[in-house]
There are 2 protein chains.
Amino acid sequence: MYNTNPVRGTRDFLPEEMALRAYMKKTIVEVYQQHGFNEIQTPAIENIDLLLSSEGGENLKLIYKILKRGRKLKLDIENLGEGDLVDLSLRYDLTLPLSRFYAHYASQLPKPFKSMQIGDVYRAERPQKGRYRSLVQCDIDIIGDKDNMAEIELIAATAKALMALTFRNFTIRINDRRLLKKVIGYAGFDDQVIGNVCVIFDKLDKIGIKGVSEELKNKGYDVDVVNRFVTIVTKMDKMALSDFGSMGVDEKVLSSLQDVLWIIKEQSKGQYAIKFDPSLVRGMGYYTGMIYEIACDELGCSIAGGGRYNNMIGRFMKENVPAVGFSIGFERIFEILKDKGYQIPDQQKKVALLYGEENRIEIFEEADRLRAEGMLVSLIPRHKKLGKQCNRLKEQNFNYYGYWSDDAWRINALY
Amino acid sequence: MYNTNPVRGTRDFLPEEMALRAYMKKTIVEVYQQHGFNEIQTPAIENIDLLLSSEGGENLKLIYKILKRGRKLKLDIENLGEGDLVDLSLRYDLTLPLSRFYAHYASQLPKPFKSMQIGDVYRAERPQKGRYRSLVQCDIDIIGDKDNMAEIELIAATAKALMALTFRNFTIRINDRRLLKKVIGYAGFDDQVIGNVCVIFDKLDKIGIKGVSEELKNKGYDVDVVNRFVTIVTKMDKMALSDFGSMGVDEKVLSSLQDVLWIIKEQSKGQYAIKFDPSLVRGMGYYTGMIYEIACDELGCSIAGGGRYNNMIGRFMKENVPAVGFSIGFERIFEILKDKGYQIPDQQKKVALLYGEENRIEIFEEADRLRAEGMLVSLIPRHKKLGKQCNRLKEQNFNYYGYWSDDAWRINALY
């Protein structure tokens, strides 16, 4: 007898779960299409060289690698290393495949190109609650637009998608990597360590400013510099955007943030909030400009995140092309909706049409008649004990059952 | 500069292709839901032991294997073999994962269970036209019903799905593995070689009866037996179902085939044909009863296939559970529809709303107004040369463009 569990860290989806996921996907796709985004798709397998050369940070350690096949696989090499064994890998995100895709088909694509991609990505994470080894990512990106209207569109469209999935009371947090870098530099950190400081500062939500301070000191950074940084961070929350000019942040960066804050607020009509958050970092190494996240106020967790990455696509083609992306936390939202027992609206009625030895032709006509009325009709063998069968059908969420009696189909509700 | 091609044997899908694929999937899912099938999902990665132990035949040679990770990967073993290196693999079909799934969740699932699964499968095929290393499979299965109404439902529902995708003039070919075995045995082949004879006989469409005869003789089978088999096959086409009784085929097998032929014909209302085809074999080793295929008359190719597999699920749980499946050739159908320039019906109109430096708030209101009217609205930076930009928008399949002038939005058609 085999172990019938799905692979550790992955999930099977039963019909009810799958119905919710399909509804979520349909809803998100519809909203994004209304906003002019076009669905594309890339394969889940990519050449391993492509992924390993990316700025994926920690994700690179989590890549699933695929064994070479046939004669390409040579096991008798001396000092055999992983590199000798593998040629392909499973993608760990959708941004890198999109960049490859755009570089390859740029001449056939509109400028700017508004892309939507929904697909599975794979990460060899240590399994824990809410972390999966196979998960759906759900990204929109605008490629080829350096105007901050691109950021505004991504944010406005994603907020609409979340509202369509009944999310209310969420807050958009927004910052800019260029501002963040200036602040860190202003405290006294050298340019070349700013990336490393960001990685530690990103833990602020988890370990607090005290934890950040300790970790920075433990890494050997100058105590005075760390203390000055802590002082700035502590008062940052009360600072207006314009105050950051004195730390050397470019006026253009500040006014662009101001624009986005203002336009998003105006067009949101009070349905959700947006705020400048100078402590927002976001993990990925490739961001170059504005970064943003949507937090669910009630649950205090992030449900979407993204930013501008103007230097990634240039690695794949002759010219550099600006790009912005926003990714909905599909798995997080699925868990939230599932936990609160979310009911999919406007579900079609389910009918069980029971068959015996006779009427095996007529039943198809009756089934089609009911389908034409908008019902979901399943043909099911009739049991001897009809009452017991009806109880079971009710448990299976059927709304009606039908059977042949006195030369006619009788359709009854299941209460 | 990196190679930006997708992995050899896989495909990227551009927006127009993806729109067709999404429409195909939506159409198929809707029809199958109307027929009472419930979508489920299993992960694309499975434990390798599960796949290697399956009756997957040739497919087992095509499995993509995933390298062990971290400390599990030991490269200093003597006589290192593939088995030491891998623990997971990419699935090569959806039937085996479904069987594992059913065995695991049987107590939570209705009986009979009507399953639908659409997902990517992976095969390390030698790349050639129409053969892909990553492809979508689209399966329905009924688990727990030994009545031939299960076969009839699968066939009727799949025919409807194909008709919804505008397929006409197709023929369902139907046979039974038990009949096939008797015919091969009747010719004089030993029981234990019947499987091997099937594999060769399956090539009839490709190499003709002469080719089959030669290959059987080359394999060393008795010339008299092969000749007798050829004689039977040659006259089989003209034989009625009842004639097969004299070859030792069970009456129940024949009358069940007769039932299915009759009921499908009656309920099809002449929209498609069904015929008994004693030379239909179908590749997979696990079929135990009826097998069937849908052939597109014009193109002479198979666009769906399936059969009964009553002994597979029992390998994963204590009791044996009968099962039937039917799989639509999603990739084949996609190629056919794409090649004939199929237009997706009822497409929403596309509007390009152009923005400049001003009206960056009002544009969101106008966009929402147009979206509420059912349009797909994209905000796009306005170029200096509007005429040139309009030409480009037309190429990108926009139906309208809108711009701000004299204190109002002007929406014009793009001819």
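Everything numeric here is computed off the predicted structure, so don't read it as measured data.

Quick notes on the rules
- Residues numbered from 1 in each chain as written.
- Chains lettered and ligands numbered in written order.
- Predicted model: local features only at pLDDT ≥ 70, side-chain atom pairs only at ≥ 80, totals over all residues.
- Heavy atoms only, no water.
- Buried < 20%, exposed > 50% of the residue type's maximum accessible area, 1.4 Å probe, protein only.
- Helix = DSSP H or I, 4+ residues; strand = E, 2+ residues; numbered from the N terminus.
- Pairing = 2+ DSSP bridges.
- Right-handed = clockwise from strand over helix to strand, strands pointing away.
- Domains from an automatic or database assignment.
- Lys, Arg positive; Asp, Glu negative; His and termini not counted.
- Salt bridge = Lys/Arg side-chain N within 4 Å of Asp/Glu carboxyl O.
- Polar contact = N/O pair within 3.5 Å; in protein donor to acceptor, adjacent residues only side chain to side chain.
- Contact = heavy atoms within 4.5 Å.
- Buried area = accessible area lost by both parts, 1.4 Å probe.
- Axes fitted to C-alpha atoms, helices over the stretch in contact; angles between N-to-C directions.
- Parallel < 35°, antiparallel > 145°, perpendicular 65-115°, else oblique.
- Nonpolar A, V, L, I, M, F, W, Y, C, P; charged D, E, K, R; others polar.
- UniProt positions renumbered as here; feature names shortened; annotations may be inferred.

Quick word on the pairing of strand S13 (residues 376–381) of chain A
Residues and elements named next belong to chain A. Most of S13 sits inside the fold, with six of its six residues counted as buried. Burial along S13 is two-sided: Leu-376, Ser-378 and Ile-380 and Val-377, Leu-379 and Pro-381, pointing in opposite directions, are all buried. Pairing geometry for strand S12 (residues 350–355) and S13, over six bridges, is parallel. The residue bridging Tyr-355 from the neighbouring strand is Pro-381, located in S13. Considered for its hand, the β-α-β crossover made up of S12, helix H12 (residues 362–372) and S13 is right-handed.

Some points on the domain arrangement of chain A
Parsing chain A into structural domains produces domain 1 (15–41 + 93–117 + 124–339), domain 2 (45–90) and domain 3 (350–413). Using C-alpha coordinates to define each centre, domain 1 of chain A is positioned 51 Å away from domain 3 of chain A.

Overview of the side chain of Asp141(B)
Residue and element names in this part refer to chain B. The topology assignment puts Asp-141 in strand S6 (residues 134–143). Although buried, Asp-141 forms no salt bridge, and the nearest oppositely charged side chain, Arg-308, lies 10 Å from it. At a separation of 2.6 Å, a polar atom in the side chain of Asp-141 contacts the side chain of Tyr-309. If we ignore the near neighbours within four places in the chain, the residues touching Asp-141 are Phe-37, Leu-98, Phe-113, Lys-114, Ser-115, Leu-154, Tyr-309, Val-324 and Gly-325.

Considering the pattern of salt bridges
Residues and elements named next belong to chain A. Evaluated as defined, the whole model comprises 47 salt bridges over all chains. A salt bridge links Glu-17 to Lys-338; the shortest N-O distance between them is 3.0 Å. Within this pair, whereas Glu-17 is found in helix H1 (residues 15–34), its partner Lys-338 is found in helix H11 (residues 330–339), the two being separated by 321 residues in sequence. The class of Lys-338 is partly exposed, set by a relative accessible area of 38%. Residues participating in the shared-partner salt-bridge network are Arg-173, Asp-205, Asp-277, Arg-282 and Glu-293.

A closer look at unusual backbone geometry
Residue and element names in this part refer to chain A. With an omega of -10°, the peptide bond between Lys-111 and Pro-112 qualifies as cis. Relative to the helices and strands, Pro-112 resides in the loop between helix H4 (95–105) and strand S5 (113–122). Of note in this structure, Thr-166 is not a glycine but carries a positive phi near 70°. Examined against the element boundaries, Thr-166 turns out to sit in the loop between helix H5 (149–164) and strand S7 (170–176). Residue Thr-166 is classed as partly exposed on the basis of its relative accessible area of 33%.

A word on the interface of chain A and chain B
Counting from both sides, the interface comprises 93 residues of chain A and, opposite them, 93 residues of chain B. In total, chain A and chain B occlude about 8,300 Å² of area from one another, counting both sides; carbon and sulfur atoms represent 64% of this. Where chain A touches chain B, the interface holds seven salt bridges. For Lys269(B), the salt bridge is made with Glu365(A), and the minimal N-O distance between the two is 4.0 Å. Across the chain A-chain B interface, the total number found is 34 residue pairs in polar contact (both at pLDDT 80 or more).

Overview of helix H4 (residues 95–105) of chain B
Residue and element names in this part refer to chain B. A large share of H4 lies buried, amounting to 10 of its 11 residues. When we look at burial in H4, the residues that qualify are Thr-95, Leu-96, Pro-97, Leu-98, Ser-99, Arg-100, Phe-101, Tyr-102, Ala-103 and Tyr-105. Contact partners of the buried residues in H4: strand S2 (45–47), helix H2 (48–52), strand S5 (113–122) and S6.

Observations regarding the side chain of Arg177(B)
Residue and element names in this part refer to chain B. Along the chain, Arg-177 falls in helix H6 (residues 177–187). Here Arg-177 sits buried without a salt bridge, and the closest side chain of opposite charge, Asp-202, lies 6.6 Å off (N-O distance). Within polar-contact distance, the side chain of Arg-177 engages the backbone oxygen of Arg-282 at 2.4 Å. Sequence-distant contacts of Arg-177, that is, excluding residues within four places in its chain, are made with Val-281, Arg-282, Gly-283, Met-284, Gly-285, Tyr-287, Thr-288, Gly-289 and Ile-291.

Things to note about the packing of helix H7 (residues 194–201) of chain A against helix H8 (residues 204–218) of chain A
Residue and element names in this part refer to chain A. Closest axis-to-axis distance for the H7/H8 pair is 9 Å, and the angle between their directions is 135°. The angle between H7 and H8 places the two elements in the oblique class. Contacts between H7 and H8 involve Val-197, Ile-200 and Phe-201 from the former and Leu-204, Val-212, Glu-215 and Leu-216 from the latter. In terms of residue class, the contact of H7 with H8 is built from six nonpolar, no polar and one charged.

Examining the UniProt feature "binding site: L-histidine" (unreviewed entry) in chain A
All names here are of chain A. The positions that UniProt labels "binding site: L-histidine" (unreviewed entry) are, in the present scheme, Asp-93, Leu-94, Thr-95, Arg-123, Gln-137, Asp-141, Arg-282, Tyr-286 and Tyr-287. By secondary structure assignment, the location of Arg-123 is in the loop between S5 and strand S6 (134–143). On the basis of relative accessibility, which here comes to 14%, the residue Arg-123 falls in the buried class. Excluding its chain neighbours within four sequence positions, the residues that come into contact with Arg-123 are Asn-59, Leu-62, Tyr-64, Tyr-92, Asp-93, Tyr-132, Arg-133 and Gln-137. Within the local environment of Arg-123, its side chain forms a polar contact with the backbone oxygen of Tyr-92, the two atoms lying 2.9 Å apart. If you trace the backbone, Tyr-286 turns up in the loop between strand S8 (273–276) and strand S9 (290–296). The residues contacting Tyr-286, other than those within four sequence positions of it, are Glu-55, Asp-93, Thr-95, Arg-308, Tyr-309 and Met-312.

Things to note about the sheet that holds strand S1 (residues 38–39) of chain B
Residue and element names in this part refer to chain B. Spatially, the eight strands line up as an open sheet ordered S1-S5-S6-S11-S10-S9-S7-S8, and their pairing is mixed. Of all the strands in the sheet, just S1 and strand S8 (273–276) have a single pairing partner and so form its edges. Of the pairings in the sheet, the one linking strand S10 (residues 301–308) to strand S11 (residues 323–328) comprises five bridges and is antiparallel in character. Each residue of the ladder has a partner; that of Ala-304, found in S11, is Ile-328.

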